[in-house]
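# Residue-level structural notes
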Amino acid sequence: STASIHMHKGVPLVASHPDMVCPSPEGGLPDVGAYLAMLKVTTGKDPVHITGKPNPGMIMHKIESLGLEASQCAMVGDRLYTDMEMAERAGVHGILVLSGEATRNDLENSGLNPSLVVESVSSLA
C-alpha cells in the first residue's frame with residue numbers, strides 16, 4: 001500500500017529527533033532524520049522544533065530537578081549531531097564514544113569539542 005503525507009500550509013512540522021539511522025540487528029534502518037530529509041526535498045519545509053536531542057531542554061529539566069549545575073554533568077553518546085551537539089548547547093561535558101556512529105574523522109570535521117573521547121563505554125568503568 002502507498003502512504004501519503006500531506007503538509008498543510010501554516011501547519012508547523014515538529015520532530016522528535018534528527019537521527020538519520022536507527023541501529024538494528026539487520027543493519028541500519030531509516031530513522032526520523034531520513035524522513036525529515038524526504039519531507040524537506042518534497043515540501044521545502046524543515047521542522048520548526050525538535051523536541052529531543054540536540055534540544056538542550058531534554059537534559060536541562062533533569063539537571064535542574066536534581067539541583068545540579070550543567071558543568072557538573074555529562075552526556076555520553078556516539079552521535080555528534082545529536083548527543084555532542086546537545087552537550088554543547090546545554091553546557092554539560094560531552095563524552096564521545098567511538099564504538100557507535102561517529103569516527104575521529106567525523107569529530108575533526110564537526111567543529112564540536114567534547115570534553116572526552118573514548119573508544120568504548122567500557123573504558124569509562
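As a starting point, this report considers the structure included with it. This structure is a prediction, so every number in the text was calculated from the model and none was measured. Here the residue numbering is sequential within each chain, running from 1 through the sequence in written order. Local features in this predicted model are restricted to residues of pLDDT 70 or higher, and side-chain atom pairs are both shown and tallied only at a pLDDT of 80 or more, whereas totals for entire chains, interfaces and linings draw on every residue. Excluded from the side-chain calculations are hydrogens and water; all other atoms, namely the structure's heavy atoms, are used.

### Some details on the pattern of salt bridges
The salt bridge criterion pairs a side-chain nitrogen of Lys or Arg with a carboxyl oxygen of Asp or Glu, the two atoms within 4 Å. Applying the stated criterion across every chain yields a total of six salt bridges. The residue aspartate 19 makes a salt bridge to arginine 79 at a minimum N-O spacing of 3.1 Å. Taken together, the residues span a long stretch of sequence, with aspartate 19 in the loop between strand E1 (14-15) and strand E2 (21-22) and arginine 79 in the loop between strand E5 (74-77) and helix H3 (80-90) at a distance of 60 residues. Judged on exposure class, the residue aspartate 19 and its partner arginine 79 are both buried. Here a helix means four or more residues in a row that DSSP labels H or I, a strand means two or more in a row labelled E, and each is numbered from the N terminus. Accessibility here uses a 1.4 Å probe with only protein chains present; expressed as a share of the type maximum, an area under 20% marks a residue as buried, one over 50% as exposed, and anything in between as partly exposed.

### Quick look at helix H1 (residues 32-43)
Every α-helical turn comprises 3.6 residues, leaving residues that sit three or four positions apart pointing alike. An expected span of 1.5 Å times one less than the residue number is assigned to each helix. Given a rise of 1.5 Å per residue, twelve residues ought to cover 16 Å, and the 16 Å separating the end C-alpha atoms of H1 matches this to within 8%. Taken residue by residue, H1 has Gly33, Leu36 and Leu39 as its buried positions. The buried residues of H1 all sit within an arc of 115° when viewed along its axis, so they share a single face. In H1, those exposed residues whose orientation departs by more than 90 degrees from the buried face are Val41 and Thr42. Trailing H1 by a residue or two, glycine 44 shows a phi angle of about 80°, which is positive. An arc is given here, and it is the one of the directions from the helix axis to the C-beta atoms.

### A closer look at the environment of leucine 13
Position of leucine 13 among the secondary structure elements: in the segment before E1. Sequence separation of leucine 13 and isoleucine 50 is 37 residues, and the distance between their C-alpha atoms is 9.0 Å.

### Focus on the pairing of E5
Burial of the side chains of E5 is restricted to one face: Met75 and Gly77 are buried, whereas none of Ala74 and Val76 on the reverse face is. Sheet analysis places E5 next to strand E6 (residues 93-97), joined by four bridges and oriented parallel. Across the sheet, valine 76 pairs through a bridge with isoleucine 95, a residue of E6. For a crossover, the right-handed case is the one in which the path from the first strand over the helix to the second runs clockwise, viewed with the strands pointing away from the viewer. Each parallel crossover has a hand, and for E5 linked through H3 to E6 it is right-handed. Paired strands are those between which DSSP finds at least two bridges.

### Observations concerning the side chain of aspartate 83
Locating aspartate 83 in the fold gives a position in helix H3. Looking at aspartate 83, its side chain comes within polar contact range of the main-chain nitrogen of arginine 79, at 3.0 Å. The contact criterion used is simple: two residues touch if any of their non-hydrogen atoms lie within 4.5 Å. Those residues within four positions of aspartate 83 in sequence are excluded, and the remaining contacts are Lys53, Met75, Gly77 and Asp78. The definition of a polar contact used here is a pair of N or O atoms within 3.5 Å, where within protein one atom must be able to donate a hydrogen and the other to accept one, and adjacent residues in sequence count solely through side-chain atom pairs.

### A short note on the sheet that holds E5
The three strands lie next to each other as E5-E6-E7, forming an open sheet whose pairing is parallel. At either margin of the open sheet sits one strand with a lone partner, and together these are E5 and strand E7 (116-118). Shown here is a sheet whose adjacent strand axes are inclined to one another by a mean of 15°, direction ignored. Across the face of the sheet, H3 comes into contact with E5 and E6 while running at roughly 170° to E5. Angles here are taken between N-to-C directions and fall from 0 to 180 degrees, while the axes themselves are lines fitted to C-alpha atoms, restricted in helices to the stretch in contact.

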